[in-house]
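Given next are the chains, with one letter for each unit.
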Amino acid sequence: MARVLLYYAHPGQRHSQVNARMFEAAATVDGITVVDLYRSYPRFDIDIDAEQQRLLDHDVILFQYPVFWYSSPALVKEWLDLVLEHGFAYGDGGTHLSGKTLMLALTAAGPREAYCEDGYQHFPLRTFLTP
């Protein structure tokens with residue numbers, strides 16, 4: 001059975017209408033390791049060694065967050081920049097994540113039909129996730 005790691009990142013959890021419930025439900029599933037990034041790192045002081053070890057210990061890495069201004073919350077970006085460093089996630093010797101599966105569980109402030117060529121966002125949500 002795959003070992004699943006869920007990273008949850010919502011800077012305004014008390015205002016969450018969907019993400020908090022999704023995270024709470026996921027936390028009840030046996031075999032899923034859940035990490036609330038904003039609770040773990042309120043000052044963005046990320047423990048790189050601990051996070052890299054978590055990644056090594058799991059097969060599936062899932063990030064759950066709301067899309068803010070067509071991007072991830074700031075702490076997710078900081079986490080990616082620091083934890084997925086050269087020699088670990090890419091570059092010389094950076095094969096530690098080979099064979100892992102990365103998934104996103106996202107919410108956006110708008111209906112599904114907004115994220116298409118004819119919708120008011122003019123592009124599918126996947127296009128905004130390209131970077």
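Refer to the structure presented above.
Owing to the predicted nature of the structure, the values given are computational and were not obtained by experimental measurement.

The rules behind these values
- Residues numbered from 1 in each chain as written.
- Predicted model: local features only at pLDDT ≥ 70, side-chain atom pairs only at ≥ 80, totals over all residues.
- Heavy atoms only, no water.
- Helix = DSSP H or I, 4+ residues; strand = E, 2+ residues; numbered from the N terminus.
- Rg over C-alpha atoms; globule rule 2.2 N^0.38 Å.
- Buried < 20%, exposed > 50% of the residue type's maximum accessible area, 1.4 Å probe, protein only.
- Contact = heavy atoms within 4.5 Å.
- Areas by Shrake-Rupley, 256 points an atom, 1.4 Å probe, with all protein chains shown as cover.
- Lys, Arg positive; Asp, Glu negative; His and termini not counted.
- Charge placed at Lys NZ, Arg CZ, Asp CG, Glu CD.
- Patch = residues over 30% accessible without salt bridge, like charges linked within 9 Å, V, L, I, M, F, W, Y side chains within 5 Å.
- Salt bridge = Lys/Arg side-chain N within 4 Å of Asp/Glu carboxyl O.
- Pairing = 2+ DSSP bridges.
- Axes fitted to C-alpha atoms, helices over the stretch in contact; angles between N-to-C directions.
- Arc of directions from axis to C-beta.

Secondary structure summary: the protein contains 5 helices and 4 strands in total. Helices (α) and strands (β) of the protein occur, in sequence order from the N terminus, as β-α-β-α-α-β-α-β-α. A compact globule built from 131 residues should have a C-alpha radius of gyration of about 14 Å, and the protein, at 16 Å, falls within 12% of that. Overall size of the protein, expressed as C-alpha extent along the three principal axes, is 45 × 35 × 35 Å. Counting only residues that meet the buried cut, the protein has 35% of its 131 residues in that class. Counted over contacts in the protein with a minimum sequence separation of 6, partners at least 24 positions apart contribute 69%. Summing over all exposed atoms, the protein offers an accessible surface of approximately 8400 Å²; the carbon and sulfur share of this is 54%. Here the protein contributes 10 positive and 16 negative side-chain charges, whose respective centroids are spaced 6 Å apart.

A separate point is a nonpolar patch on the surface. There is a patch of nonpolar side chains on the surface, built from Phe68, Trp69 and Tyr70 and spanning about 420 Å² of accessible area. Considering the arrangement of structural elements, one finds Tyr70 in the loop between β3 (60-66) and α4 (74-83). Assessed through its relative accessible area of 41%, Tyr70 is described here as partly exposed.

The next thing to look at is the sheet that holds β3. Read from one edge to the other, the open sheet built from 4 strands follows the order β2-β1-β3-β4, with strand pairing classed as parallel. Only two strands of the sheet have a single partner each, and these edge strands are β2 (32-36) and β4 (101-107). For this sheet, the mean angle separating the axes of adjacent strands, direction not counted, is 20 degrees. On the sheet, helix α1 (residues 19-27) packs against β1 (4-8), β2, β3 and β4 and is oriented at approximately 145 degrees with respect to β2.

The next subject is the environment of Pro42. Topologically, Pro42 is positioned in the loop between α2 (37-40) and α3 (48-56). Look at Pro42 and you get exposed, because its relative accessible area is 59%. Spatially, the C-alpha atoms of Pro42 and His122 are 35 Å apart, while their sequence positions differ by 80 residues.

The next subject is α3. Among the residues of α3, those classed as buried are Glu51, Gln52 and Leu55. For α3, the angular spread of the buried residues around the axis is 100 degrees, confining them to a single face. Buried residues along α3 sit against β1, β3 and α4.

Further remarks concern α1. Taken together, the buried positions of α1 are Asn19, Ala20, Phe23 and Ala26. Along α1, the residues classed as buried sweep out an arc of 130 degrees about the axis, all on the same side. Within α1, the exposed residues directed more than 90 degrees away from the buried face are Arg21 and Glu24. Elements that come into contact with the buried residues of α1 comprise β1, β2, β3 and β4.

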